[in-house]
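# Structural characterization, general
Here is what each chain is made of, one letter per residue.
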Amino acid sequence: MSFPLDRLALQLDWNLLRTFMVIVQERSITAASQRLNVSQPSVSAALRRLEERLDLRLVERGGGQTFVVTRAGEAVYREALEIYGGVVRLNDIGATGGRALSGNVVIHRSSHLEMDRITPVLEEFRAQHPSVTFSIRSAPCHEVAQALQQRASSVGFCTRIDPAIQRLRSQPLTPQEFGVYCGPDHPLYRRQEADPDLLAASDVVGYEEDHIAGVLSSLAVWRVRHGIGGRFIASTTGIVDLVELIEQGRAIGCMARGHAHRYGSRLWQIPVNATPPLVDMFSVIDFERHMTPVEAALIDHLEGEGLASRPRPRSDV
């Protein structure tokens with residue numbers, strides 16, 4: 001005998017839920033189609049099929065591609081996140097009923113932040129639990145938050161998260177000091193005093209988030225306040241590309257001092273007569289996340305080192 005709920009579980013296409021999850025996160029049919037790399041009509045059709053299959057109105061459509069998620073849609077979205085997170089966590093389940101402290105833990109970090117304080121703590125944890133592995137992924141801040149929302153990451157380290165995402169709990173860490181650097185072809189290279197006119201006229205390269213409205217707005221404001229740099233001519237998402245842009249060009253750029261010392265063998269920190277800019281850093285956890293034992297143990301370890309705040313447990317694994 002097959003009950004209605006059994007039939008739903010057997011017949012519902014997971015891809016419909018995944019598409020709906022992306023639609024809600026992007027708040028746009030167009031943006032969802034771009035992220036999923038499918039056509040807009042395909043996304044709209046998937047949404048319609050899911051509503052028909054569940055017999056629920058998930059969104060209230062406006063003009064064009066605009067919509068508002070209904071109360072039922074919000075509930076379905078939360079369940080879709082749980083399903084997605086459960087699939088992602090399958091690799092973390094150990095052989096002894098899911099209780100063994102083994103498996104892979106995914107950590108997302110902002111590309112512009114250096115991890116000098118965090119990496120030794122992670123390595124200490126891994127040394128205590130040799131069966132544990134890490135996947136550390138660099139991304140812009142909004143992708144760090146997105147990975148946490150999708151239950152695709154256990155913990156994130158970033159500069160800023162959207163305060164509207166109430167499920168994410170952040171803990172302030174020590175801000176990171178940035179400097180402004182140039183390469184051998186820049187006229188200020190190896191100069192012990194910075195010519196204000198040369199500094200003000202220099203082209204600028206930086207991270208994609210390095211603008212007034214971005215998460216690195218503190219850098220943009222600092223440059224404007226102290227008359228540093230002119231046109232912003234190139235942006236990148238990663239530290240290696242940023243170092244290459246500065247070392248091999250004639251532009252200046254801001255980066256964490258730890259990154260500059262590690263990657264920029266030919267970089268020169270321009271001596272600016274101003275307090276160095278500081279960039280905020282937070283550890284971020286989804287406090288509604290149903291954590292595996294290895295995830296919970298790692299968060300406890302990070303909390304013991306002052307690098308995270310333990311989320312409230314929803315239930316035992």
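Refer to the preceding data block for the structure.
The present account deals with the structure reproduced in this document. (Residues numbered from 1 in each chain as written. Predicted model: local features only at pLDDT ≥ 70, side-chain atom pairs only at ≥ 80, totals over all residues. Heavy atoms only, no water.)

Below, the discussion takes up the layout of surface pockets. Here the largest pocket defines a volume of roughly 630 Å³. For the largest pocket, the lining is made up of 22 residues, of which Tyr77, Gln149, Asp162, Ala164 and Ile165 are closest to its centre. Mapped onto the lining of the largest pocket, the elements with two or more residues apiece are helix 2 (14-26), helix 5 (71-88) and helix 7 (141-149). The dominant element in the lining of the largest pocket, judged by the number of residues it contributes, is helix 7, at 5 residues. Along the lines of polarity and charge, the residues of the lining of the largest pocket split into 9 nonpolar, 5 polar and 8 charged. Both domains that meet at the lining of the largest pocket, namely domain 1 (8-69) and domain 2 (105-174 + 280-305), each give it at least three residues. (1 Å grid on protein atoms, 1.4 Å probe; cavity = no way out; pocket = protein on both sides within 12 Å on 5 of 7 lines; lining within 4 Å. Points joined across faces, edges and corners; volume = space filled by probe spheres on them. Helix = DSSP H or I, 4+ residues; strand = E, 2+ residues; numbered from the N terminus. Nonpolar A, V, L, I, M, F, W, Y, C, P; charged D, E, K, R; others polar. Domains from an automatic or database assignment.)

This part is about the nonpolar core. Ile118, Phe157, Ile252, Met255, Ile270 and Leu302 are the most contacted members of the largest nonpolar core, which totals 61 residues. In this structure, this core is formed jointly by two domains, domain 2 (105-174 + 280-305) and domain 3 (177-279), each of which donates at least three residues. Residues within four places of Met255 in sequence aside, it is in contact with Phe178, Gly179, Tyr181, Tyr207, Ile239, Leu242, Val243, Ile246, Ala260 and Leu267. With 22 residues, the next largest nonpolar core counts Val24, Ile29, Leu50 and Tyr77 among its residues. (Core = buried A, V, L, I, M, F, W, Y, C linked by side-chain atoms within 4.5 Å. Buried < 20%, exposed > 50% of the residue type's maximum accessible area, 1.4 Å probe, protein only. Contact = heavy atoms within 4.5 Å.)

Take the packing of helix 2 against helix 3 (residues 29-36) next. Contact geometry of helix 2 with helix 3 gives a least axis separation of 8 Å together with a crossing angle of 125°. By the angle between their directions, the pair helix 2 and helix 3 is classed as oblique. In this structure, the crossing between helix 2 and helix 3 has a hand that is right-handed. Contacts between helix 2 and helix 3 involve Arg18, Thr19, Val22, Ile23, Gln25 and Glu26 on the former and, on the latter, Ile29, Ala31, Ala32, Arg35 and Leu36. Among the residues forming the contact of helix 2 with helix 3, the class breakdown is 6 nonpolar, 2 polar and 3 charged. (Axes fitted to C-alpha atoms, helices over the stretch in contact; angles between N-to-C directions. Parallel < 35°, antiparallel > 145°, perpendicular 65-115°, else oblique. Left-handed = near helix turned anticlockwise from the far one by under 90°.)

The next subject is helix 10 (residues 239-247). Turning to helix 10, its buried residues are Ile239, Leu242, Val243, Ile246 and Glu247. The buried residues of helix 10 occupy one face: seen down the axis, they fall within an arc of 125°. Tucked into the core, helix 10 has its buried residues touching strand 6 (168-182), strand 7 (204-207), strand 8 (232-236), strand 9 (253-256) and helix 11 (257-263). (Arc of directions from axis to C-beta.)

Time to look at the packing of helix 2 against helix 4 (residues 40-54). Interaxial distance between helix 2 and helix 4 falls to 9 Å at its minimum, and their mutual angle equals 115°. One finds that helix 2 runs roughly perpendicular with respect to helix 4. At the point where helix 2 passes helix 4, the crossing takes the left-handed sense. Along its contact with helix 2, which presents Leu16, Leu17, Thr19, Phe20 and Ile23, the element helix 4 presents Val43, Ala46, Leu47, Arg49 and Leu50. Here the residues of the contact of helix 2 with helix 4 are counted per class, giving 8 nonpolar, 1 polar and 1 charged.

Time to look at a nonpolar patch on the surface. A cluster of nonpolar side chains, namely Ile212, Val221 and Val224, defines an oily patch on the protein surface of about 280 Å² accessible area. Topologically, Val224 is positioned in helix 9 (residues 217-225). Residue classification places Val224 among the exposed residues on the basis of a relative accessible area of 66%. (Patch = residues over 30% accessible without salt bridge, like charges linked within 9 Å, V, L, I, M, F, W, Y side chains within 5 Å. Areas by Shrake-Rupley, 256 points an atom, 1.4 Å probe, with all protein chains shown as cover. Salt bridge = Lys/Arg side-chain N within 4 Å of Asp/Glu carboxyl O.)

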